[in-house]
Amino acid sequence: MTEAVLEHHGGSQSSCKTGSKSWQYSDLMEKVDGYLMKYTNLVTGWQYRYFVLNNEAGLLEYFVNEQSRNQKPRGSLPLAGAVISPSDEDSHTFTVNAISGEQYKLRASDAKERQHWVSRLQICAQHHTEAMGKTNPPLQTRSLSMASQGSGSSPGSQHRINQNSNALLGLSQLQRGSSLYSSRKSLLPDHLLEAREMMSQAQGQHRDLIQSIEGLPSSQGPSPLDQDLLLLKATSLATMTCLSDCLHILQLQQVARQKIPLSGPTLEWLEPKLPDILKNGGTLPSITKDDGKTEGTILEPLEMDSCDIAGEQEEIDATQEVDDSTPAEEEELGAVEEERSVILHLLSQLKLGMDLTRVVLPTFILEKRSLLEMYADFMSHPDLFVAITDGSSPMDRMVRFVEYYLTSFHEGRKGVIAKKPYNPIIGETFHCSWKVPKVTTPPSADPKEGTSCASDCYNVRFVAEQVSHHPPVSGFYAECQERQMCVNTHVWTKSKFMGMSIGVSMIGEGNLHLLEHGEEYTFSLPSAYARSILTVPWVELGGKVNVNCAKTGYSAVITFQTKPFYGGKLHRVNAEVKHNPTNSVVCRVQGEWNGVLEFTYTSGETRVVDITKLPVTTKRVRPNELQGPYESRRLWQHVTESLKERDMDKATEHKRFLEERQRKEERHRAETQTAWRTKYFERKGEGWVYYQALWKMAAHSSSPVSTPQNP
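As the structure is a prediction and not an experimental result, all values here were calculated from the model.

The rules behind the values
Residues numbered from 1 in each chain as written. Predicted model: local features only at pLDDT ≥ 70, side-chain atom pairs only at ≥ 80, totals over all residues. Heavy atoms only, no water. Helix = DSSP H or I, 4+ residues; strand = E, 2+ residues; numbered from the N terminus. Buried < 20%, exposed > 50% of the residue type's maximum accessible area, 1.4 Å probe, protein only. Contact = heavy atoms within 4.5 Å. Areas by Shrake-Rupley, 256 points an atom, 1.4 Å probe, with all protein chains shown as cover. Pairing = 2+ DSSP bridges. Axes fitted to C-alpha atoms, helices over the stretch in contact; angles between N-to-C directions. Core = buried A, V, L, I, M, F, W, Y, C linked by side-chain atoms within 4.5 Å. pLDDT = per-residue confidence, 0-100. Phe/Tyr/Trp six-rings, centres within 6.5 Å; stacked < 30°, edge-to-face > 60°. Lys NZ or Arg CZ within 6 Å of the ring centre and 35° of its normal. Salt bridge = Lys/Arg side-chain N within 4 Å of Asp/Glu carboxyl O. Parallel < 35°, antiparallel > 145°, perpendicular 65-115°, else oblique. Left-handed = near helix turned anticlockwise from the far one by under 90°. Expected span 1.5 Å × (residues − 1).

A. Representation of the overall build of the protein within the structure. When its secondary structure is counted, the protein shows 16 helices and 26 strands. The 711 residues of the protein split such that 53% are buried. Long-range pairs, those at least 24 residues apart, make up 63% of the contacts in the protein with a sequence separation of at least 6. With an accessible surface of roughly 32,900 Å², the protein has 51% of that area assigned to carbon and sulfur atoms.

B. Local environment of the sheet that holds strand E1 (residues 32–39). The seven strands are arranged E4-E3-E2-E1-E7-E6-E5 in an open sheet whose pairing can be described as antiparallel. Where the open sheet ends on each side, the last strands, each with one partner, are strand E4 (75–78) and strand E5 (83–86). Adjacent strand axes in the sheet meet at a mean angle of 35° when their direction is disregarded. Strand direction decides the pairing type here: strand E6 (residues 93–97) and strand E7 (residues 103–107), joined by five bridges, are antiparallel. Looking at E7, one finds that valine 96 is bridged to tyrosine 104.

C. Structural detail: the nonpolar core. Of all hydrophobic cores here, the largest spans 60 residues; its most connected members are Phe462, Ile558 and Phe560. When neighbours within four sequence positions are excluded, phenylalanine 560 is seen to be in contact with Tyr405, Leu406, Phe409, Pro526, Leu541, Gly542, Gly543, Val545, Arg572, Val573 and Trp593. Listed in part, the 21 residues of the second largest apolar core include Phe51, Leu77, Phe94 and Leu121.

D. Expanded view of the confidence of the model for the protein. Scored by pLDDT, the protein has a mean of 74; 65% of the residues are at 70 or more. Of the regions scoring below 50 in pLDDT, residues 1–25 engages in 44 contacts with residues more than four places distant in sequence or in other chains. The model gives residues 259–310 a pLDDT under 50, and that stretch makes 99 contacts with residues more than four places away or in other chains.

E. Local environment of the packing of aromatic side chains. Across all of its chains, the model carries 25 aromatic pairs by this definition. Ring plane angle 65° and centroid distance 5.8 Å describe the contact between tyrosine 39 and tryptophan 46, whose orientation is recorded as edge-to-face. Residue tyrosine 39 shares its accessibility class with tryptophan 46, and that shared class is buried. Pairing phenylalanine 462 with phenylalanine 476 gives two aromatic rings, centres 6.0 Å apart and planes at 35°, and the pair type is tilted. With phenylalanine 462 in strand E12 (residues 457–468) and phenylalanine 476 in strand E13 (residues 473–480), this pair connects stretches of sequence that are 14 residues apart. By the burial criterion, phenylalanine 462 is buried, and phenylalanine 476 matches it. Lying across the ring of tryptophan 46, arginine 107 places its NZ or CZ 4.0 Å from the centre. Sitting above the plane of the phenylalanine 599 ring, arginine 607 keeps its charged end 4.7 Å from the centroid.

F. Expanded view of the environment of valine 589. Along the chain, valine 589 falls in strand E21 (residues 584–592). Valine 589 gets classed as buried once you look at its relative accessible area, which sits at 4%. Setting aside residues no more than four positions away along its own chain, valine 589 makes contact with Leu406, Val573, Asn574, Ala575, Leu597, Glu598 and Phe599.

G. Representation of the pairing of strand E14 (residues 485–497). Of all the 13 residues making up E14, ten are buried; the element is thus mostly covered by neighbouring parts of the structure. With eight bridges connecting them, E13 and E14 associate as antiparallel partners. When the bridges of E14 are listed, tyrosine 477 appears paired with asparagine 488. The loop that links E13 with its antiparallel partner E14 comprises four residues; one of these, glutamine 484, has a positive phi angle of about 55°. The pairing of E14 with strand E15 (residues 502–514) spans 13 bridges and is antiparallel. Note on E15: the bridge partner recorded for valine 487 is leucine 512.

H. Region of interest: the pattern of salt bridges. Tallying each qualifying case throughout the model produces 23 salt bridges. In this structure, aspartate 390 engages arginine 483 in a salt bridge whose closest nitrogen and oxygen atoms are separated by 2.8 Å. Of the two residues, aspartate 390 is situated in the loop between helix H11 (382–387) and helix H12 (394–406) and arginine 483 in the loop between E13 and E14; the sequence distance between them amounts to 93 residues. Salt-bridge contacts for lysine 644 lead to glutamate 641; the nearest nitrogen and oxygen are separated by 3.9 Å. One end of the pair is lysine 644 and the other is glutamate 641, both in helix H14 (residues 637–644) and three residues apart, which spans about a single turn. On the basis of relative accessible area, glutamate 641 is assigned to the partly exposed category, the value being 41%.

I. Focus on the pairing of E4. A one-sided burial pattern is seen for E4, the buried positions being Gly75 and Leu77 and the unburied ones Ser76 and Pro78. Relative to E4, strand E3 (residues 59–63) runs antiparallel, the two being bridged by four bridges. Within the sheet, the bridge partner assigned to glutamate 61 lies in E4 and is serine 76.

J. Layout of the packing of H14 against helix H15 (residues 648–672). Contact pair H14 / H15: the axes reach a minimum separation of 8 Å and the direction vectors enclose 170°. It follows that H14 is roughly antiparallel to H15 by the angle criterion. Helix-helix and strand crossings are classified by hand; for H14 and H15 the assignment is left-handed. Along the contact surface, H14 presents His638, Val639, Ser642 and Leu643, while H15 presents Met648, Lys650, Ala651, His654 and Lys655.

K. The arrangement of unusual backbone geometry in detail. Following histidine 470, the chain continues to proline 471 via a peptide bond in cis, the omega torsion being 0°. Inspection of the secondary structure assignment puts proline 471 in the loop between E12 and E13. For glutamine 484, which is not glycine, the phi dihedral falls at a positive 55°. In this structure, glutamine 484 sits in the loop between E13 and E14.

L. Representation of the environment of proline 472 within the structure. Considering the arrangement of structural elements, one finds proline 472 in the loop between E12 and E13. Classification of proline 472 as buried rests on a relative accessible area of 16%. Between the alpha carbons of proline 472 and asparagine 423 there is a distance of 8.5 Å; along the sequence they are 49 residues apart.

M. Here's a closer look at the environment of glutamate 102. Its location among the elements puts glutamate 102 in the loop between E6 and E7. The exposure class of glutamate 102 is partly exposed, given its relative accessible area of 39%. In the structure, glutamate 102 is positioned 20 residues away from alanine 82 in sequence and 9.6 Å away in space, judged by C-alpha atoms.

N. Spatial organisation of helix H5 (residues 190–214). Taking 1.5 Å per residue as the helical rise, H5 with its 25 residues ought to reach 36 Å, and the 36 Å between its terminal C-alpha atoms agrees with that figure. Those residues of H5 that fall on the buried side of the exposure criterion are Leu192, Arg196, Met199, Ser200, Gln203, Gly204, His206, Arg207, Asp208, Ile210, Ile213 and Glu214.

Quick look at the structure:
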């Protein structure tokens, strides 16, 4: 591949022969420009922009279109010290992370074009990084490869790749950075020395892999430009980059702890700055005064009677609810370099499989809403929810439930970037409702007396409560009284560290009751995964979900497929609806949970549902000033406002105040042996049930005696 690139420049290959001791950057300069898609938070989705690689200035510039390239660029990103990473989201996307923390998320037309852009950007970035290193030597320690190149212990030492190939791979040859660690070798602990040795071996294997791919004959078998092989090369490079960054953080931490004198301003953040940054949610304890106020921020004092307040039910006046005006889209991360360093620092302290339940993440990656509010996204299509009970047969109702279930996840992940919602405080609640026009879902032919609505809409109400803190368990409930249907769910979110991803298991169960038909559907929830946590995090779902209705004998198995390591498509899902007594499949579903779904029936009939075109019903909520003190939006309002203003220090202080109050209340209850009192949910076996669920009220009203009946 290197030779092909050089031949393209007519004669430059002669000055860059294999085994030459140096190469001229001018030999590899290439005019690279063209249209790419750029993700922006100013306009929803992706936008075509005209990009130009300015090799001389070391800038990636973009314009609205090609005709405006003679004007001032719409934006530019310095490439000195930048990290260019192919995304594992798909084979077209890549990111350019500047040393300032600014980031471009870009998408090429295909894998080949992406590889071309990535290669040229990496060459330009390497050249300007080296040039910057000559005037600021300490920056050379931030090379992508910390271990000595061509180490004798490396399995790839016998295969010397020329330096042009290393440039194309983005592997730095900054010997000063390598010699810096060599001079400190005796001061590093054994486990870091072992990690460096393993890193050196991995880099040798990485180089062998690239050489093997590029050495494939193009006349037969797979070509070096095969899409899967290009993806393999990009994935290998991205993995090596992430591992190198993590090892770099660990080594510099060790140097700082031993107070080894290292000159240069780029290392100053290690000792004095990093602990302060970690207060954004790291492991350092919060600092509070004796009067209960957080240092440096004026906050209301901790009130011990808030334990009693938390156990009281808020009076919800539905007439105060208005259409929600909060934007659904999340902005880009906009993380600066020091914030990225915090992520790397936290990752360096985690182990594979570690439970992250009690690991507090930095404030700047938080989504501006609580997890309880995110659960309300499951009802973003309340018309499909209400339509379940309109099914003419048990089979039809099961298929309708599967359709509602499969379309209930995309709204919560509407944005491209994955962020973490607030961890709910114990006793926290969230209330909202939706209006569903009756014309879209007409009532059954024989409606029960008293179920008609005075208006032209059905009313679907939702309530969620954080019923436990350790483990973190949430209960949420939705009902439509007019249609005599409700759903009750309890979820325990359990997260774990998986290297370059974070997995969240949704442990719990949901129950849908169709009182008109006397049917109950039990179901579970899939796991969620935050991928590419070092670049632009995104979410995919995975796992198998079972749906059962004991009365009718119908069941469904829904499988959310995670993307294979090589190839494959994102967000795939398939489902089968089966009649258990006859063991016959009556309907199959395949597609994407955030795209197009195809339903195929045994009769041969097919039906397509385009989730992206389904209307999203706006939820109705009360203004913050009318909410109770433990309702989500009012409880977190100061954190949310600070995040909107990008004041991370202030947001962190408000967040820490709420968490410290929760801890103080827990200590108070332990000292006084006071049990926690929930508001709307009560314990039922292994789960939590809404205290006034419709099926409870129906059972109570039908009982001839006053003794409460079990649901």
